[in-house]
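Single-letter residue listing:
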Amino acid sequence: KRDIPNVEAANPHNSNTSLNEDGAKYTVFGNYVNVLEYLDELIKEFYKLFLYAGIFLCVFALLMLSNIISVSISNKTREIGILRAVGARSMDVFKIFFSESLIIMIVCLVLSILMCVRVCHSLNMGLAAELRISVFVFGMLSFVVILGLSLVTTFIATYIPVRKAAKKKPVESIRS
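Cut-offs applied
- Residues numbered from 1 in each chain as written.
- Predicted model: local features only at pLDDT ≥ 70, side-chain atom pairs only at ≥ 80, totals over all residues.
- Heavy atoms only, no water.
- Salt bridge = Lys/Arg side-chain N within 4 Å of Asp/Glu carboxyl O.
- Helix = DSSP H or I, 4+ residues; strand = E, 2+ residues; numbered from the N terminus.
- Buried < 20%, exposed > 50% of the residue type's maximum accessible area, 1.4 Å probe, protein only.
- Expected span 1.5 Å × (residues − 1).
- Phe/Tyr/Trp six-rings, centres within 6.5 Å; stacked < 30°, edge-to-face > 60°.
- Axes fitted to C-alpha atoms, helices over the stretch in contact; angles between N-to-C directions.
- Parallel < 35°, antiparallel > 145°, perpendicular 65-115°, else oblique.
- Contact = heavy atoms within 4.5 Å.
- Nonpolar A, V, L, I, M, F, W, Y, C, P; charged D, E, K, R; others polar.
- Patch = residues over 30% accessible without salt bridge, like charges linked within 9 Å, V, L, I, M, F, W, Y side chains within 5 Å.
- Areas by Shrake-Rupley, 256 points an atom, 1.4 Å probe, with all protein chains shown as cover.
- Polar contact = N/O pair within 3.5 Å; in protein donor to acceptor, adjacent residues only side chain to side chain.
- 1 Å grid on protein atoms, 1.4 Å probe; cavity = no way out; pocket = protein on both sides within 12 Å on 5 of 7 lines; lining within 4 Å.
- Points joined across faces, edges and corners; volume = space filled by probe spheres on them.

Peer 1: Give a detailed account of the pattern of salt bridges, specifying residues and quantitative values.
Peer 2: Enumeration according to the criterion identifies four salt bridges in this entry. As a salt-bridge pair, Glu45 and Lys48 come within 3.9 Å of each other at their nearest N and O atoms. Taken together, the residues Glu45 and Lys48, both in helix H2 (residues 31-75) and three residues apart, mark about one turn of the helix. We note a salt bridge from Glu100 to Lys76, for which the minimum N-O separation is 3.7 Å. Highlighted residues: Glu100 in helix H4 (residues 90-131) and Lys76 in the loop between H2 and helix H3 (77-85), separated in sequence by 24 residues. We classify Lys76 as partly exposed; its relative accessible area is 35%.

Peer 1: Explain helix H5 (residues 140-167) to me, using residue names and the numbers behind them.
Peer 2: Here H5 is 28 residues long and its end C-alpha atoms lie 40 Å apart, about the 40 Å a rise of 1.5 Å per residue gives. Taken together, the buried positions of H5 are Ile146, Ser150, Thr153, Thr154, Ala157, Thr158, Pro161, Val162, Ala165 and Ala166.

Peer 1: Could you give an account of the packing of aromatic side chains, with specific residues and numbers?
Peer 2: Taken as a whole and judged by the stated rule, the model has seven aromatic pairs. With a centroid separation of 6.2 Å and an interplanar angle of 75°, the aromatic rings of Phe94 and Tyr159 are classed as edge-to-face. Here Phe94 is found in helix H4, whereas its partner Tyr159 is found in helix H5, with 65 residues between them in sequence. Here Tyr159 falls in the partly exposed class, since its relative accessible area comes to 36%. With centroids separated by 6.3 Å and ring planes inclined at 70°, the aromatic side chains of Phe98 and Phe155 adopt a geometry described as edge-to-face.

Peer 1: Please provide a residue-by-residue account of the packing of H2 against H3, values included.
Peer 2: Contact geometry of H2 with H3 gives a least axis separation of 4 Å together with a crossing angle of 70°. Here H2 is positioned roughly perpendicular relative to H3, judged by the angle of their axes. Of the residues in H3, those in contact with Ile73, Ser74 and Asn75 of H2 are Thr77, Glu79 and Ile80. Across the contact of H2 with H3, the residue classes break down as two nonpolar, three polar and one charged.

Peer 1: Explain a nonpolar patch on the surface residue by residue, including any values.
Peer 2: The grouping of Tyr47, Leu51, Tyr52, Ile55, Val59 and Leu63 at the surface amounts to a nonpolar patch, some 650 Å² of accessible area in total. Relative accessible area serves as the criterion here: at 46%, Ile55 is assigned to the partly exposed category.

Peer 1: Would you mind going over the side chain of Ser150 in detail, with residue names and values included?
Peer 2: Relative to the assigned elements, Ser150 resides in helix H5. Exposure remark for Ser150: the relative accessible area of 16% places this residue in the buried category. Among the polar contacts listed, one links the side chain of Ser150 to the backbone oxygen of Ile146, at a separation of 2.8 Å. The contacts of Ser150, once residues within four sequence positions are left out, are Met105 and Leu109.

Peer 1: Describe in detail the layout of surface pockets, supporting the description with residues and values.
Peer 2: Computed from the structure, the largest pocket encloses a volume of approximately 1500 Å³. If you list the elements that add at least two residues to the lining of the largest pocket, you get H2, H4 and H5. With 15 residues, H2 is the single largest residue contributor to the lining of the largest pocket. By residue class, the composition of the lining of the largest pocket is 30 nonpolar, six polar and no charged.

Printed below as a string of C-alpha cells:
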C-alpha cells in the first residue's frame, strides 16, 4: 500500500490503480489482476445462469406437481366425497394429498441435492485444475434454501387443486 508514480504510463494494460482508506494511491499489476477480473466476471455469469435456471425449474416443478396432484384428486373425487360426507374437513383432505406431495418432494429433494453437490464439485475441479481455487460451495445454507423452496412449492402445488376439490359438496363429489 504505497504510492507508485507513473505505473499507469509504464504498463497501462496490466495495472489496476485504487485509493486506500487514507487516500494513498496503490497499484497492483500483473497477470493475476487479469485472472481475478476474469474469474469475477465468470462467477457473476454463473450466478445469473444458476439463478434463472433455478427459477425456471422451481416454476416447472410447481406446475408438474400441481398437475400430478390434480390427476390424483380427479381419480379420487368419489373417495373425497365419501370422506367429506362422514365428517372429514377440508383440512383433513388437504393433509392426505399434502402427504402424497411431501413424499414426491422428498425424493426430488434428495435427487436435487445430489445433483447440486455433483455440479459444484465438477465446477470446482475445473477451477482447481486451472487456478487452484474452490468457488462453488454447497453448504448448509444451500441445503436450507433448497429445502425451503421445495416446501413452499409443494404447499402451493397441493393447496390450489385440493382447495377446488374440497369446496365441492359431498353429494356432488360422490355422484361424479
